[in-house]
Amino acid sequence: MSKFLIVGLGNPGNEYANTRHNIGFDVVHAFAVKHGGIFKDSRLAYTAEVKWKGKIFVCICPTTFMNLSGRAFKYWMEKEKVLLENTLTVVDDLALPIEKLRLRAAGTHAGHNGLKDIQAILGTDAYPKLRFGIGNIFPKGMQADFVLNKWNREEIETVKRKITASVEIIENFASIGAERTMNTCNTMIF
């Protein structure tokens, strides 16, 4: 049975719930709930295990805070004996407009502190990432406030559609592979 590690990046705590920076948590939670998974507090992360179409998905939302996500990623990948290419990290991306998602089999952290920590701990950037565009409409010097704020009312419907699409992308990633999934995911506009 194939095993996958689905990693949602975000920050633990109610004050971060439903913020742009926690969209990784939101997507992984939606995936787990769709497939009957229930999260529990585990070592370095909230975890849920899901079985779907002959595959096992270990879903994690690190409790180490965004900037220290690498430790939880590595721990669960090694504990569950998941191949690096069978991991998928879901993360917010300022460089992408809110209308876009982007899947890559490898690629740099692009300045994202959560991805930077994972890359430093793994010693490679060659692991799959699903980047959830959050846009970058904020005044100079206000990036932290922007990513830690909740979605604007006019963004909510787009975000909901993208979360649903992201759940399907996770399913396709495990079923048909990264390359074929990228062909459809990277051309979607919401």
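About the thresholds
- Residues numbered from 1 in each chain as written.
- Predicted model: local features only at pLDDT ≥ 70, side-chain atom pairs only at ≥ 80, totals over all residues.
- Heavy atoms only, no water.
- Helix = DSSP H or I, 4+ residues; strand = E, 2+ residues; numbered from the N terminus.
- Rg over C-alpha atoms; globule rule 2.2 N^0.38 Å.
- Buried < 20%, exposed > 50% of the residue type's maximum accessible area, 1.4 Å probe, protein only.
- Contact = heavy atoms within 4.5 Å.
- Areas by Shrake-Rupley, 256 points an atom, 1.4 Å probe, with all protein chains shown as cover.
- Lys, Arg positive; Asp, Glu negative; His and termini not counted.
- Charge placed at Lys NZ, Arg CZ, Asp CG, Glu CD.
- Salt bridge = Lys/Arg side-chain N within 4 Å of Asp/Glu carboxyl O.
- Axes fitted to C-alpha atoms, helices over the stretch in contact; angles between N-to-C directions.
- Parallel < 35°, antiparallel > 145°, perpendicular 65-115°, else oblique.
- Left-handed = near helix turned anticlockwise from the far one by under 90°.
- Nonpolar A, V, L, I, M, F, W, Y, C, P; charged D, E, K, R; others polar.
- Pairing = 2+ DSSP bridges.
- Disulfide = S-S within 2.5 Å.
- Phe/Tyr/Trp six-rings, centres within 6.5 Å; stacked < 30°, edge-to-face > 60°.

S.K.: Which parts of the structure should I look at to understand the overall build of the protein?
M.R.: Scanning the protein from N- to C-terminus turns up six helices and seven strands. Of the regular secondary structure in the protein, the N- to C-terminal order runs β-α-β-β-β-α-β-β-α-β-α-α-α. Computed over its C-alpha atoms, the radius of gyration of the protein comes to 15 Å, within 12% of the 16 Å expected for a compact globule of 190 residues. C-alpha extents for the protein along the principal axes are approximately 50 × 30 × 30 Å. Expressed as a percentage of the 190 residues in the protein, the buried residues total 52%. A separation of at least 24 residues holds for 70% of the contacts in the protein among residues at least 6 apart in sequence. Surface summary for the protein: the accessible area is close to 9100 Å², and the carbon and sulfur share equals 52%. One finds the centroid of the 25 positive side-chain charges in the protein at a distance of 3 Å from the centroid of its 19 negative side-chain charges.

S.K.: Looking at this model, I keep getting lost on the pattern of salt bridges. Mind explaining?
M.R.: Charged atoms that come close allow side chains of opposite charge to pair. All chains considered together, the criterion is met by seven salt bridges. Between Glu-80 and Lys-3 there is a salt bridge, and its shortest N-O distance comes to 2.9 Å. Linking Glu-80 in the loop between helix H2 (69-79) and strand E5 (87-93) with Lys-3 in strand E1 (residues 2-8), this pair joins segments that are 77 residues apart in sequence. Given the relative accessible area of 23%, Lys-3 is considered partly exposed. Between Glu-155 and Arg-20 there is a salt bridge whose closest N-O contact spans 3.0 Å. Here the residue Glu-155 occupies a position in the loop between helix H4 (143-147) and helix H5 (156-176), and Arg-20 occupies one in the loop between E1 and helix H1 (23-34), the gap between them amounting to 135 residues.

S.K.: Would you explain the packing of H2 against helix H3 (residues 113-122) in this entry?
M.R.: The N-to-C vectors of H2 and H3 enclose an angle of 50 degrees; their axes lie 7 Å apart at closest approach. The angle between H2 and H3 falls in the class oblique. When the axes of H2 and H3 are compared, the crossing they make is right-handed. Contacts between H2 and H3 pair Ser-69, Gly-70, Arg-71, Phe-73, Lys-74 and Met-77 from the former with Gly-114, Asp-117, Ile-118, Ile-121 and Leu-122 from the latter. Here the residues of the contact of H2 with H3 are counted per class, giving five nonpolar, three polar and three charged.

S.K.: Can you walk me through the pairing of strand E4 (residues 55-62) in this structure?
M.R.: Moving residue by residue along a regular strand, the side chains alternate between the two faces of the sheet. Burial analysis of E4 places eight of its eight residues in the buried class, which makes it a mostly covered element. Because side chains alternate across E4, one face comprises the buried residues Lys-55, Phe-57, Cys-59 and Cys-61, and the other comprises Ile-56, Val-58, Ile-60 and Pro-62, equally buried. Pairing analysis gives six bridges linking E1 to E4, with the strands arranged parallel. Among the inter-strand pairings, Val-7 is bridged to a residue of E4, identified as Ile-60. Pairing of strand E3 (residues 45-52) with E4, which is carried by eight bridges, proceeds in the antiparallel orientation. The partner of Val-50 across the bridge, within E4, is Phe-57. Hairpin remark: E3 followed by E4, antiparallel, with two residues in the connecting loop; positive phi at Lys-53, about 50 degrees.

S.K.: For this particular structure, what's the right way to read the state of the cysteines?
M.R.: Disulfides are covalent bonds that connect the sulfur atoms of two cysteines. Tallied over the entire structure, the rule returns zero disulfides. Residue Cys-59 stays outside any disulfide, its sulfur separated by 8.0 Å from that of Cys-61, the closest cysteine. Taking relative accessible area as the criterion, Cys-59 reaches 0% and is therefore assigned buried. The structure places no disulfide on Cys-185, whose sulfur is separated from the nearest cysteine sulfur, that of Cys-59, by 18 Å. Here Cys-185 falls in the buried class, since its relative accessible area comes to 0%.

S.K.: Can you walk me through the packing of aromatic side chains in this structure?
M.R.: Describing an aromatic ring pair means giving the distance of the ring centres and the angle of the ring planes. Applying the stated criterion across every chain, the model contains nine aromatic pairs. Ring plane angle 50 degrees and centroid distance 6.2 Å describe the contact between Trp-52 and Phe-57, whose orientation is recorded as tilted. Each member of the pair, Trp-52 together with Phe-57, is buried. Geometrically, the ring pair formed by Phe-132 and Trp-151 is tilted, given 6.3 Å between the ring centres and 55 degrees between the ring planes. One end of the pair, Phe-132, is in strand E7 (residues 129-133); the other, Trp-151, is in the loop between H4 and H5, and 19 residues separate them in sequence. Per residue, the accessibility class of Phe-132 equals that of Trp-151, and both read buried. Taken together through their ring pairs, the aromatic side chains of Phe-4, Phe-31, Trp-52, Phe-57 and Phe-173 make up a single cluster.

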